[in-house]
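Here is what each chain is made of, one letter per residue.
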There are 2 protein chains.
Amino acid sequence: MARKAGSHSEITGPRIRAEAQRLFARHGFAAVSMRQIAAAVGVQAGALYLYTPDKEALLFDLLETHMKDLLAAWAAVPRCGDALDALERFVRFHIRFNLDRAEAVFLSYMELRNLGPENFTRIEALRRSYENELEAILKAGQADGSLSVPDTKLATLAIIAMLTGVNTWFRAGGRLSRERVEEIYWDMVRKAVGA
Amino acid sequence: MARKAGSHSEITGPRIRAEAQRLFARHGFAAVSMRQIAAAVGVQAGALYLYTPDKEALLFDLLETHMKDLLAAWAAVPRCGDALDALERFVRFHIRFNLDRAEAVFLSYMELRNLGPENFTRIEALRRSYENELEAILKAGQADGSLSVPDTKLATLAIIAMLTGVNTWFRAGGRLSRERVEEIYWDMVRKAVGA
DNA sequence: ACCGTAACTGAACGAATGTTCAATATCAAA
DNA sequence: TTTGATATTGAACATTCGTTCAGTTACGGT
């Protein structure tokens, strides 16, 4: 057997990335073999190498895509109002975006160490530029007096850690709706850094 | 060659656990081989099986020891004063304890999925009982009116996520001392959940 | 109907994996 | 100094790993 009926790279490529993301998130990068990914797609292991030069590049592609999607989605959020409004938008955006992509978020926080130094640096830069978005809001809020933060950088990291933590416990259909979770976290963030 | 000069199980055992923790934290459980651990200890791979029945049990031992140490250390903290005092003690304790054991903390948050269902449940139970300690403080604070929390369980998880996040960026000898970091985080937590 | 190419197979590569075990050297106690 | 328990080696086991590639089939345009 060789080429399969109805096979197309525009279909197989995305499916490989989707299954890889699912398996990496569930079992960890190092614990998942290329053969497992191939089997989930319904293909032989050798076929994966038509879509990625090697295993690490597959992981890097997933992480980079996620981080760029994150930055693009935040850039698309309309900005108006003062710093407090911007902060509320950021809090709600972060929770919503991350809950919608739990697997990709998990990967981005857990599998960075499986990247080589160069790839690691690239992802780190993307992450830092996302953090800078929040830091800019906190700075603006301090300038106009609407926010009061003991240390801008630490508050940035503290808020992001707190918000990202939602992904570890939230389950759809649970006690609280996403809307309600946004509400509660925004309340805590506002009080934590409000003037 | 067989038994080595000066060899004792009270020395080799702890060294195996120490090297395993270091390597697991640095590269991930699945990415570290028994031979790598053995080499770090200065021993052959087969010797490890005098100290652990298998690789997963070695990981479980590290996680369980860490969680029990955490609970014991918190239990040893003298409790006096009102709920606000207790909350401050918890915040400072958590940051200090976690910074002193960065590798173990990292493992406990990242490698849970490499445990079998039974071992997983055991560690989860320990983690939940730690969360319950903070939750009890928040409840007491609401009862006596010193704290105001939109949702007790969520506030518990949010605070722990925020505090544990310190481990991802803190480096000794950096811009801020541990004492100062405690100060800053306590300020944010107090404002976030204070009445 | 034909052809070039895109998509995939299936087998193979050497290296590495977790784990077992008979053999053996060192230890502590008598 | 002998002895039995303790600690370790080093080779071996069957699997599995990431990756390569010659061969083969299906597709899309002519």
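One can find the structure itself at the top, above this paragraph.
We now turn to the structure provided with this report. Just so it is clear, the structure is predicted and the values come from calculations on it, not from any experiment.

Once that is clear, we can look at the protein's contact with DNA strand C. Near DNA strand C lie 28 residues; those nearest to it are Ser9, Gln44 and Tyr51 of chain A together with Ala2 and Tyr49 of chain B. Threonine 12 of chain A places a polar side-chain atom, nitrogen or oxygen, 2.9 Å from a phosphate oxygen of DNA strand C. Within the contact set of DNA strand C, a phosphate oxygen lies 3.5 Å away from a backbone nitrogen or oxygen of valine 32 of chain B. Elements represented by at least two residues in the surface near DNA strand C include exactly helix 1 (9–27) of chain A together with helix 2 (34–41) of chain B. Residue contributions to the surface near DNA strand C peak at 3 residues, all from helix 2 of chain B. The residue inventory of the surface near DNA strand C, partitioned by class, reads 11 nonpolar, 10 polar and 7 charged.

Residues and elements named next belong to chain B. Their axes nearest at 9 Å, the elements helix 4 (residues 83–100) and helix 7 (residues 152–164) cross at an angle of 40°. Here helix 7 runs oblique to helix 4, going by the angle between their axes. Viewed along their axes, helix 4 and helix 7 form a crossing whose handedness is right-handed. In this structure, helix 4 uses Phe90, Val91, His94, Ile95 and Asn98 to contact helix 7, whose residues at the interface are Ile160, Leu163 and Thr164. Partitioned by chemical class, the residues of the contact of helix 4 with helix 7 number 5 nonpolar, 3 polar and no charged.

What counts and how
- Residues numbered from 1 in each chain as written.
- Chains lettered and ligands numbered in written order.
- Predicted model: local features only at pLDDT ≥ 70, side-chain atom pairs only at ≥ 80, totals over all residues.
- Heavy atoms only, no water.
- Near = heavy atom within 4 Å.
- Polar contact = N/O pair within 3.5 Å; in protein donor to acceptor, adjacent residues only side chain to side chain.
- Helix = DSSP H or I, 4+ residues; strand = E, 2+ residues; numbered from the N terminus.
- Nonpolar A, V, L, I, M, F, W, Y, C, P; charged D, E, K, R; others polar.
- Axes fitted to C-alpha atoms, helices over the stretch in contact; angles between N-to-C directions.
- Parallel < 35°, antiparallel > 145°, perpendicular 65-115°, else oblique.
- Left-handed = near helix turned anticlockwise from the far one by under 90°.
- Contact = heavy atoms within 4.5 Å.

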